[in-house]
Amino acid sequence: MENQINNSNINSYIHVGIGIAGVRSYSLGICETFTSSCIHNYRLRKFYRVYTASHVNSVFKKFLYSLDVLNNPFHVYKSRDRTYYVYKYEHNLMLLIEHIFNLAELIHKNRTLRDKKSEIVNSIIHRCRDVETCLDAIVKTIIELREKIEKRKKAGKKALLSRFENHDRKCKHIIKKYFSDLENAPTFKVSGIGFAECFEDAVKVLRKMFPNDIARGYANSICSGGNSIYLFARDAIVAIDARYDNHDVKIFCDSCRDTPNYAIVKLIGASLVDNYIDRIDWVAVLGYDKHTNQIFLHYVPRTLLFRDVEICRKWIMGLADRFGNVTQDVELIEV
Amino acid sequence: MSQTRENKKIVYRQGDVILEQIDYNIRDLEYYARFVSDKLEISSENGNKHVMSGVKVYNYHSRQLVVVEKPTPITHPQHPTIVVTPGIYELRFVRDFLLNSERPYD
């Protein structure tokens, strides 16, 4: 099969279009002609177009200026804000160019790698003598980087789990004192097959606690791909299980506060895979109003994951933005 | 009208009801906003109400503004009373990320 593809490309040309970063990133095509007519007339055999930031362009240009094989294109032309470099088709050359773009995208997506971009690219270029050695070096580097990223991700997920478990212990006394039914909250399973079924089931449960529009609002959110277990509090705490697979969901208590007016705890709903935090599903503030003797629960943006419960409370009151920055200096008088 | 204490904006919260002091010209408000009532009443689902008498309530686009001309208490059967100092306030409620909206709950 591969030979057939190779044979059909013998008289073809690789067109590499490098454009303005962020607007037109790159296009990679195999054409039967070396002129711009193939791009204009869309007589392309292959066409890749990905819009990313400046990293794709800068990484390719670094290879372009450093490797003889890339620095001597068969033809160069400009078209639609892109400079196209045309090379005679060679299977390994095509693979090399594709891997350069793969590397650039990998660097673009990872902040740590972005800081070491020059170091990574230079180390590959240093090992390049011809297309084959260059291809070998770039493939090995990509594999190494992906392994490193995977290791770092696992370590991060483990650290996150440790943090949540440690903080969870610190707030146990407040949970026990004010929200003793949290651990044994009745759970209602809603259909996870489709949105309509899930919505209908969830509204049925939520209507017993909230007015119709609020019940529908919550149901809409938890059934729109929520795939988690959500808590709701009114006179009592109930849980709605809107999962459409059977992954583990654990609820952690991250920070808490007890004042003469209220007691609040920040809750985090997280999906676990192999005992690691896989995804943060939601962040919420569960509270007890000591004047009205009523419990309440409000969801806050997940961007407040690492912020103190008091900042989350300020977001609920509209006094902090979704990153936890207190937007204005105010004197808060509350009961 | 007095604006702030120590140049800070004052925000009052009684349960889920929030009154946030805003900088606004009273004459503009009287001209551009629609006068609604001389009493602020916010009903809760349990039948209780947050009440402020002797204030002017305006609708200004989608915002509800309350003009307090003299120190006025805001009362609720279940919450302690707070005395609101003179100023122009925007009426808001607590918000919930899953609902993407503000409204009273209690």
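Now for a description of the structure that goes with this document.

So, how was this worked out
- Residues numbered from 1 in each chain as written.
- Chains lettered and ligands numbered in written order.
- Predicted model: local features only at pLDDT ≥ 70, side-chain atom pairs only at ≥ 80, totals over all residues.
- Pairing = 2+ DSSP bridges.
- Helix = DSSP H or I, 4+ residues; strand = E, 2+ residues; numbered from the N terminus.
- Axes fitted to C-alpha atoms, helices over the stretch in contact; angles between N-to-C directions.
- Contact = placed C-beta atoms within 7 Å.
- Parallel < 35°, antiparallel > 145°, perpendicular 65-115°, else oblique.
- Left-handed = near helix turned anticlockwise from the far one by under 90°.
- Expected span 1.5 Å × (residues − 1).
- Buried ≥ 20, exposed ≤ 12 C-beta atoms within 10 Å, placed from the backbone.
- Arc of directions from axis to C-beta.

This part takes up the sheet that holds strand 12 (residues 294-300) of chain A. Residues and elements named next belong to chain A. Strand order in the open sheet formed by 4 strands is 9-10-11-12, and the pairing between neighbours is antiparallel. Of all the strands in the sheet, the pair left with one neighbour each is strand 9 (248-258) and strand 12. Across the sheet, the mean angle from the axis of one strand to that of its neighbour is 25 degrees, orientation sign disregarded. Across the sheet, helix 12 (residues 309-316) touches strand 9, strand 10 (262-273), strand 11 (276-289) and strand 12, and the angle it forms with strand 10 is around 100 degrees.

The next thing to look at is the pairing of strand 12 of chain A. Residue and element names in this part refer to chain A. Bridge analysis of strand 11 against strand 12 gives 7 bridges, and the strand direction is antiparallel. Bridge pairing links Val-285 to His-298 in strand 12. Connecting strand 11 to the next strand, strand 12, in antiparallel fashion are 4 residues, including Asn-293 with a positive phi near 60 degrees.

Moving on, we get to the packing of helix 10 (residues 195-206) of chain A against helix 11 (residues 212-223) of chain A. Residues and elements named next belong to chain A. Remark: helix 10 packs on helix 11, axes separated minimally by 8 Å, with the N-to-C direction vectors making an angle of 140 degrees. Judged by the inter-axis angle, helix 10 sits oblique to helix 11. For helix 10 against helix 11, the interelement crossing comes out right-handed. Across the interface between the two elements, Phe-195, Cys-198, Phe-199, Ala-202, Val-203 and Leu-206 of helix 10 pack against Ala-215, Arg-216, Tyr-218, Ala-219, Asn-220, Ile-222 and Cys-223 of helix 11.

Residue and element names in this part refer to chain A. Taking 1.5 Å per residue as the helical rise, helix 10 with its 12 residues ought to reach 16 Å, and the 16 Å between its terminal C-alpha atoms agrees with that figure. Along helix 10, the positions that sit buried rather than exposed are Cys-198, Ala-202, Val-205 and Leu-206. Each buried residue of helix 10 lies within a common arc of 90 degrees when the element is viewed along its axis, so the set occupies one face. Each element contacted by the buried residues of helix 10 is listed here: strand 6 (187-189), helix 11, strand 7 (229-233) and strand 8 (237-241).

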